[in-house]
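A structural walkthrough
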Amino acid sequence: RADKLVDREIQNALVQKIQENIKHFESPLPSHEEELLESCKNFSDNHSPESWVQLPKNSPFVNKFGSTKDGRIMHGRAELEVDCSVEAALIYWFDYCSIARCRTSEEGGNLARIAVETSDRSSLVATVKSAPWPFYWREFVFKTVWKKLEGEDSYALGTKTVDDKIDYGKNFRGVKGKTIVYVTFEKISGTSCKVRFTQLVDLSGFVPSFVMNRKLQLSMSVAEEMRESFQKDDAVDRFGRAGLLKRMRVNKEDYTEEEQKLIADALELSERAKDAQFRSLECKDPRVFIKSFPNLGGGERGRKGEGEGVVIFGQAETVIDALPDVAASWEFLLEGRNIRKNHFREGGIDRNTLNTSTHTILYQQVRKIAPGIQPREWRSKGIWKKINDNKYLITYKDTDDFDERLGFKHNVVRASAHSVLTFERLEDNMGVPQTKFIFIGRIALNGIVPHQVVELKQPEFLTSIGSTVRRTFDKSARIDRLRRDAFRKKLEAHDHNSYTKEEQGLIDGMLLKLEAYELEGTGKKKIKTPNPFCNLEMGNLGGMIFGKSKTTVRASPEAVLAYFWNSHARHHDKTEVVEKIALKPERDSDHVSVDFVVRKSHHTGTLHEREFVNMNLWKMIGDDTYVHVSIPTEHADRQRQGSIKGARRKSTIIPFANLGKGPRHRAEYFHAVKIKRSRGGGCFVEWIVSVDMKGKLQGLVNGPVVRDNLDRAEAMQQYFSNQKDLEEFEKIDGEILASSLMRSLSNSDAANVGEDRDDDDVIKFRIRVLFKRNAALGVLRKEYEWFEPMLVRVIQNKLRVGKDCPRPLHHLSAKDGERIGASFAASLATNVSAESAVGEWLPRVPF
C-alpha cells in the first residue's frame, strides 16, 4: 500500500480515539507540559499585527507573514483553511514522523528524523537537517504537546526545543538549532477548520540572513503540504456552482438602476465590436479565434486614451461543450478554488472576491505584466444577467464602490477594464450541448508600458480566456467517438452499388496513381522515422512530388476509414487551419463530401493563405478492403478569387495597413488511402499524398508540405493507441508511444510550450500531453505518482551518477521516479546496445 494510505489509516484511528474519548483529552496536562505550551502561546502573542509583513505566496490559499529586522525574517506566521475535521488537522501536524513526511525529509537531503518518545498528547522528536555548504548539519531536538481548549471546538499545539541528547547511530559535525511553534486549530464546520501558526527557526552560529529567511520559509511549507493532503477543491466548487446554477435558471433577480446601466453598457460594447474593423491574431489553440480592434483601442501598438496609457481592445471566441447556464455559472464563480489556482498559475499575485448580492460580486485582482513593470491592480464589479433561455451575459466594469474587507494593495498601478462575456446556445453536436462563447474586453494598463509588451501579452491573454473555458468542458473524445459510431452504422446500411460513373472514375484514377507511383515513381527517398511500424518515402511522378506511407494500425478497417472520413473531427484540428467548412455536394450521398479549407503554412513564410476545395469519396472494394480518396474540385459556393480584400494573416507583427493586399491562391491537394484488414488483427494502411501550393514559390514549399502531411500516418497510429484501456495495451502500443516521444513537437504543441522555454520544458510538456491523451497512461499516472517523473528523466537523457532505489514498488514517490529515470542515461553510456543498457538498468529498479 502507498505510504500516504498507511499514514491516513493511522491518523484516522487517532482521530476516532479523540472523538470517542473527548473527556479524557480535556483533562489538564502535566505541569511541565502545560508550562511548555504556555511559553509557546506567549511567544505567539508577543507580536502586534502591525509587525507582520506579507511574504510571497506559494499557494493562493495560504497567507504567509514575516516579522523582519534588518532584512532578516525573525519569525513566520501562516493562516489557512483545511478541508478536514479539526481533529484530523491536529493529528496530521502532530504526526511529525509519518512515513510520507519521513520520506520527504530524506529526499530533501536531511540526515535523520526520529520519534524518540510518543504518547497521546506529547512527543519527543529529533531531526538533523541539511544546511547549504559550507555550513554544518543543524540538529533540532524538540518536544510537542497539544490540548483541547476548554469550552471551544478548537485545539492548541506547541513545539519547543529541549536539551536532550540523542544517539543517532552515526557521527556527524552539527550545530544545535532552536525552534518554537504555536498552532491553533479552530473548527469551521464538521469538514473544515482554520489553522494559524507562528514559528521561530534559529539555525544558530554565524548564518547569513538570506539563508535564515530561506530555511524559515521552507519550514513553513508544511502549511501547503497539509492543505494539499486534505483538499477537496473540486467538490467545493461543484457545490458552489450548483447553487449559482439554480439561481440562474430560476432567474428571480431584481436589478437596480445602476446595475441595469452596467448591463446596457455591456450590450453597447458588444454592438460596437460587431461592426468594427478587426485584426486577426495568432492563437495557440486551434479552436479559439482571437482578434483586436485597432480603431477601438487595440492596434498593434495599442492606443492611448486620456490618462489610460496603453489600451487593449480584443475579442476571443470559441465553442464550449456545455449548456450556456452551466458555462456561465463556472465563469461567474470567481471565488471558485480551481479558478483561483489558475489565476495564481498564470502569473496572478493576489485575488479577492466578495458577493454583494445573488447576481453581483466585487472582484479585485493583482497581476504581473512583465519583468521591470509594476504589477497592475483591477477593482471591478461583476453582474450576470439571463437574456433568455438560450443566452446569458456577464459583465465586469471598474468600480469605486469597493469594500475595505477586500484590502488595498501597495506598490501596484491601478488599471481599468471593461469586459463582456456572452454564452449563447447552438445546435447540439452528436447530442452534446454546444454554446458559443464570446469575450470582449477593453483593458487600460495605465502608466508606462512599452508597446512590445502589448503585442506579446494581448494574444496570450485572449488565448488564455478562450482556451481555459473551452478545455474545462471539452468533450472532444466523446463527440469524435459518436461520429465514428454513426458513420459505421451508415457503413453497414450503405448501398455499395450507388456510385456514378464519374465517382467510380475518380476513385479508379487515384488508385492508378497509387499503383503508378509504386512502379514508375522516380527519385524515391526513404524518410527516417523512429516508428518501426511506419515506412515513409517521397518521390516524383508526372512532375509532381508525392509522399507515400505504409502503416500498421491497431484498429479495424472500418474505424480507420471513419478516421479519414470525419475530416471535421476535432482530433484533426491544427493551428495552421484558418477556416474549415463542409460544403453541400452536388449529389446527396453517404459516400461523397466536399470540404473548403483555408490554411497557412510555416513553410510559406510571408506568403498569403492557401485555400483548398476537395471532394472526398470512399468505397469498399473487397470483403476486407476500403479506399478513401480526396481530389480537387470546383464548387459554386466557393468560386476562385484572384484577390481577397479581407484576406487575413494571423500575425502580431505585420502592420495592419499591409493586410489583405495580395492574392489568396487556390492550392490543390490529392490523396488516396487503401485500408486492408490484416490477419494478426488491426489493418494495413497504404497512403499516397501530393500537394501543389501554387504561387511563385511552389517549387520550394511543395516538398516540405507533402512531408508534413506524411506525419498524419504516425498521428493516426498514435490516435488509435491512445483509445486503448490499460487492459488492452500490447507491446506494439508501447513501441508506438515510444516513437511518438522521439518525434519533434507539432507546430501547435510547440506554440503552446513557447519559444522562450528550454528543452526540459518541451519534454515535460510533451509527456504531459501524452499522459492526458492516452487512456492507459492516464490510469498509470493516477495509480503511480512516480511513473510520469521517471519518463521525463528518461527522455531528458542527461548523464548523472546512477543510484539504486531502496524502496519497493508500492512505496515509490515522485522523487524516486526522477532518480530511477535519471540512472538510465548512465546505463546507455556504458553499454554498446540499447538492449544491454535496458538489461542493466531494470535490475536496479523495483519493477
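Not measured: the values here are computed from a predicted model.

Helix and strand content of the protein chain: 23 helices and 31 strands. A buried classification covers 50% of the 847 residues belonging to the protein chain. A total accessible area of about 41,900 Å² is found for the protein chain, and carbon and sulfur atoms account for 51% of it.

Going from Trp133 to Pro134, the amide bond is cis rather than trans, its omega being 15°. Structurally, the position occupied by Pro134 is in the loop between strand S5 (122-129) and strand S6 (137-148). For Asn446, which is not a glycine, the phi torsion comes out positive at approximately 60°. Examined against the element boundaries, Asn446 turns out to sit in the loop between strand S21 (432-444) and helix H12 (451-472). Under the relative-accessibility criterion, Asn446 is labelled buried at 13%. One non-glycine residue, Asn797, lies in positive phi territory at about 55°. One can find Asn797 in the loop between helix H21 (787-796) and helix H22 (814-829). Accessibility expressed as a relative area gives 42% for Asn797, which makes it partly exposed.

Attention shifts here to the pattern of salt bridges. Within the structure shown, the criterion is met by 47 salt bridges. Asp325 is the partner of Arg249 in a salt bridge, and the nearest nitrogen-oxygen pair spans 2.6 Å. Here Arg249 is found in helix H8 (residues 233-250), whereas its partner Asp325 is found in helix H10 (residues 324-332), with 76 residues between them in sequence. Note on Asp325: relative accessible area 9%, which makes it buried.

This part takes up empty space enclosed by the protein. One pass over the structure, following the stated rule, counts three cavities of 30 Å³ or more. Computed from the structure, the largest cavity encloses a volume of approximately 60 Å³. When residues in the lining of the largest cavity are grouped by element, the largest group, four residues, is from strand S15 (residues 348-355). Taken together, the residues of the lining of the largest cavity sort by class into three nonpolar, two polar and four charged.

Before going further, it helps to spend a moment on the packing of aromatic side chains. Overall, the coordinates contain 24 aromatic pairs when judged by the stated rule. Aromatic side chains Phe487 and Trp565 sit 6.0 Å apart centroid to centroid with 25° between the ring planes, which places their arrangement in the stacked category. In this pair, Phe487 sits in helix H13 (residues 476-493) while Trp565 sits in helix H15 (residues 557-565), placing the two residues 78 residues apart along the sequence. Ring centres of Phe824 and Trp841 lie 4.9 Å apart, and the angle between their planes is 65°; this geometry places the pair in the edge-to-face category. Taken as a pair, Phe824 in helix H22 and Trp841 in helix H23 (residues 834-841) lie far apart in primary sequence, 17 residues in all.

Attention shifts here to the side chain of Ser98. Structurally, Ser98 can be placed in the loop between helix H4 (86-94) and helix H5 (99-107). Leave out the neighbours within four places in its chain, and Ser98 touches Asp7 and Gln11.

In terms of nonpolar packing, the biggest core is built from 54 residues, with Val553, Val560, Trp618, Val629, Val685, Met716 and Phe720 touching the most fellow members. With eight residues, the single largest contributor to this core is helix H16 (residues 698-722). With residues up to four places along the chain from it excluded, the contact list for Val629 reads Ile507, Met510, Met615, Asn616, Leu617, His671 and Ala672.

By the bridge criterion, seven bridges tie S15 to strand S16 (residues 360-367) in an arrangement that is antiparallel. The residue of S16 that forms the bridge with Arg351 is Gln365.

Below, the discussion takes up the packing of H4 against helix H7 (residues 222-230). The contact between H4 and H7 brings their axes to 11 Å, and the two run at 130°. The orientation of H4 relative to H7 falls into the category oblique. In this structure, H4 meets H7 at a crossing whose hand is right-handed. Counted together, Ala88, Ala89, Tyr92 and Trp93 of H4 and Val222, Glu225, Met226, Ser229 and Phe230 of H7 form the full contact between these two elements.

In this section: the state of the cysteines. A complete count under the given rule lists zero disulfides for this structure. Of all cysteine sulfurs, the one in Cys97 lies closest to Cys102, which takes part in no disulfide; the gap is 4.6 Å. Its relative accessible area of 23% is what places Cys102 among the partly exposed residues. Free of any disulfide, Cys193 has its nearest neighbouring cysteine sulfur in Cys84, separated by 4.5 Å.

Moving on, we get to the packing of helix H1 (residues 3-20) against H5. Their axes nearest at 8 Å, the elements H1 and H5 cross at an angle of 135°. Classed by the angle they form, the pair H1 and H5 counts as oblique. Here H1 contributes Asp3, Lys4, Val6 and Asp7 to the contact with H5, which in turn contributes Ile99, Ala100 and Arg103.

Across seven bridges, strand S18 (residues 391-398) lies against strand S20 (residues 416-429) in antiparallel orientation. Across the sheet, Lys391 pairs through a bridge with Glu424, a residue of S20. Pairing of S20 with S21, which is carried by twelve bridges, proceeds in the antiparallel orientation. Directly across from Leu426, in S21, lies its bridge partner Gln434. The loop that links S20 with its antiparallel partner S21 comprises two residues; one of these, Met430, has a positive phi angle of about 55°.

Cut-offs and rules
Residues numbered from 1 in each chain as written. Predicted model: local features only at pLDDT ≥ 70, side-chain atom pairs only at ≥ 80, totals over all residues. Heavy atoms only, no water. Helix = DSSP H or I, 4+ residues; strand = E, 2+ residues; numbered from the N terminus. Buried < 20%, exposed > 50% of the residue type's maximum accessible area, 1.4 Å probe, protein only. Areas by Shrake-Rupley, 256 points an atom, 1.4 Å probe, with all protein chains shown as cover. Salt bridge = Lys/Arg side-chain N within 4 Å of Asp/Glu carboxyl O. 1 Å grid on protein atoms, 1.4 Å probe; cavity = no way out; pocket = protein on both sides within 12 Å on 5 of 7 lines; lining within 4 Å. Points joined across faces, edges and corners; volume = space filled by probe spheres on them. Nonpolar A, V, L, I, M, F, W, Y, C, P; charged D, E, K, R; others polar. Phe/Tyr/Trp six-rings, centres within 6.5 Å; stacked < 30°, edge-to-face > 60°. Contact = heavy atoms within 4.5 Å. Core = buried A, V, L, I, M, F, W, Y, C linked by side-chain atoms within 4.5 Å. Pairing = 2+ DSSP bridges. Axes fitted to C-alpha atoms, helices over the stretch in contact; angles between N-to-C directions. Parallel < 35°, antiparallel > 145°, perpendicular 65-115°, else oblique. Left-handed = near helix turned anticlockwise from the far one by under 90°. Disulfide = S-S within 2.5 Å.

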